[in-house]
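Coordinates in review
Spelled out from the first residue to the last, the chains are:
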Amino acid sequence: MRCPFCGNIDTQVKDSRPAEDHVAIRRRRFCPACGGRFTTYERVQLRDLVVIKSNGRREDFDRDKLERSIRIALQKRPVDPERMDQMISGIVRRLESMGETDIPSKVIGEIVMEALARIDTVAYVRFASVYKNFQAADDFDKFVSELRPPAAAEE
Ligand SMILES: [Zn+2]
């Protein structure tokens, strides 16, 4: 696994343990070249999902992108990161079990709203208010860039 800090390929696994109720393996990695430490997650990939945007374009489903939008909606909210990870895994499992590999972005947005509504009302309102505009817009990148809480400061 390539070091995200210096690009060195020869990194070491320091620790591996189950995460997200055994849905993932979390590995702590160390880069001997620069001393950098980072974490990777190993997950079962059931199927390759494709997102159909409202303009009809297709794009590979990107879990990181989904996670980014949810992370922004939950910024500064009292939600445990482990709980957020579980929620994201739950969303992905739901998408994977829908029986279709092609999923409209609208459906994904609705599933995310449902999940957020269950864990944090403020995050739900943030996401939903941007989502209303998003239905008129045509891509998820724009959606993510619009999804900023008013007091967005540090990461
Ligand atoms: Zn490095």
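Structure: above.
This write-up is about the structure you can find in this document. In every chain, residue numbers begin from 1 and rise along the written sequence. Note on the predicted model: pLDDT of at least 70 is required for a residue's local features to be given, and 80 or more for side-chain atom pairs to be given and counted; whole-chain, interface and lining totals, by contrast, use all residues. Values shown for side chains rest on all heavy atoms present in the structure; no hydrogens or waters enter the calculation.

**Side note on the packing of aromatic side chains**
The relative placement of two aromatic rings is captured by the distance of their centres and the angle of their planes. Selection criterion: In summary, the pairing rule links any two rings of Phe, Tyr or Trp, Trp by its six-membered ring, whose centres are within 6.5 Å, and it sorts them by plane angle into stacked for under 30 degrees, edge-to-face for over 60 and tilted for everything else. To qualify as a helix, a DSSP run of H or I must reach at least 4 residues; to qualify as a strand, a run of E must reach at least 2; elements of each kind are numbered from the N terminus. For every residue, the accessible area obtained with a 1.4 Å probe (protein chains only) is divided by the maximum for its type, and the residue is called buried under 20%, exposed over 50%, and partly exposed between those limits.
Applying the stated criterion across every chain yields a total of 1 aromatic pair. Taking the centre distance of 6.4 Å and the plane angle of 75° together, the rings of F5 and F38 count as edge-to-face. One end of the pair, F5, is in the segment before β1 (12-19); the other, F38, is in strand β3 (residues 37-43), and 33 residues separate them in sequence. For F38, a relative accessible area of 8% gives the class buried.

**Topic: a negative patch on the surface**
In plain terms, the rule: Patch membership requires over 30% relative accessible area and the absence of a salt bridge. Like charges are linked within 9 Å, and nonpolar side chains (Val, Leu, Ile, Met, Phe, Trp, Tyr) within 5 Å. Here the Shrake-Rupley method, with its probe set to 1.4 Å, supplies the accessible areas, and only the displayed protein chains count as covering residues. When a carboxyl oxygen of Asp or Glu is within 4 Å of a side-chain nitrogen of Lys or Arg, the pair counts as a salt bridge. Positive residues here are Lys and Arg, negative ones are Asp and Glu, while His and the chain termini are left out of the count. Note that the charge is assigned to NZ on lysines, CZ on arginines, CG on aspartates and CD on glutamates.
A surface patch of like charges, here negative, comprises D48, D60, D62 and D64. Classification of D64 by relative accessible area gives exposed; the value is 51%.

**Points about the pattern of salt bridges**
Close approach of charged atoms allows side chains with opposite charge to pair. This structure, assessed with the given rule, holds 9 salt bridges. A salt bridge links R77 to D120, with the shortest nitrogen-to-oxygen separation between them at 2.9 Å. With R77 in the loop between α1 (63-73) and α2 (81-96) and D120 in the loop between α3 (105-119) and α4 (121-134), the pair connects residues that are 43 residues apart, well separated along the chain. Among the salt bridges present, the one from E114 reaches R94, with a minimum N-O distance of 3.2 Å. Of this pair, E114 sits in helix α3 while R94 sits in helix α2, placing them 20 residues apart in sequence. Judged by its relative accessible area of 37%, R94 falls in the partly exposed class.

**Quick look at the coordination of the zinc ion**
Operational definition: Each metal site is built from N, O and S donor atoms within 2.8 Å (3.2 Å for Na, K and Ca), and since water is not included, such sites may look incomplete. Here a site with four donors is tetrahedral if all angles are between 85 and 135 degrees, and a site with four or six donors is square planar or octahedral if opposite donors are over 155 degrees apart and the other angles are between 65 and 115; anything else gets the irregular label.
At the metal site, the zinc ion is ligated by C3 (SG), C6 (SG), C31 (SG) and C34 (SG), and these contacts range over 2.2 to 2.3 Å. What the 4 donor atoms of the zinc ion show is an angle range of 106 to 116° at the metal, which sorts the shape as tetrahedral. Counting along the primary sequence, the residues that act as donors to the zinc ion give the motif C-x2-C-x24-C-x2-C. Of the two residues, C6 sits in the segment before β1 while C31 sits in the loop between β2 (24-30) and β3, which places them 25 residues apart along the sequence. For C31, a relative accessible area of 0% gives the class buried.

**Details of α2**
Operational definition: Expected span of a helix, by definition, is 1.5 Å for each gap between consecutive residues, and there is one gap fewer than residues. Contact criterion: two residues are considered in contact whenever any of their non-hydrogen atoms come within 4.5 Å of each other.
With 16 residues, α2 should cover 22 Å at 1.5 Å per step; its first-to-last C-alpha distance of 22 Å lies within 8% of that length. Where α2 is buried, its residues meet β3, α1, β6 (102-104) and α3.

**So, the nonpolar core**
Under the convention used in this document: Throughout, nonpolar core names a set of buried Ala, Val, Leu, Ile, Met, Phe, Trp, Tyr and Cys residues whose side chains join them through atoms within 4.5 Å.
L66, I70, I91 and L116 are the most contacted members of the largest nonpolar core, which has 26 residues in total. Contributions of two or more residues to this core are made by α1, α2, α3 and α4. Here this core takes 7 residues from α3, the largest share from any one element. Not counting the four nearest positions on each side in its chain, I70 is found in contact with M84, M87, I88, I91, V112 and L116.

**Looking at the environment of Q75**
Among the structural elements, Q75 can be located in the loop between α1 and α2. The exposure class assigned to Q75 is buried, which follows from its relative accessible area of 17%. For the pair Q75 and A123, spaced 48 residues apart in sequence, the C-alpha separation works out to 8.0 Å.

**Focus: the sheet that holds strand β4 (residues 50-52)**
Note the following rule: Pairing between strands is defined by DSSP: at least two bridges between the two strands are required. Every axis in this analysis is a line fitted to C-alpha atoms, fitted for helices over the stretch in contact. Angles between the N-to-C directions lie between 0 and 180 degrees.
Taken together, 3 strands build an open sheet; the order of strands is β5-β4-β6 and the sheet is mixed. At either end of the open sheet lies a strand with only one pairing partner, and these are β5 (58-60) and β6. Ignoring which end each strand starts from, the neighbouring axes of this sheet average 35° apart. With 3 bridges joining them, β4 and β6 adopt parallel strand pairing. Residue pairing for β6: V51 is matched across the bridge by I103.

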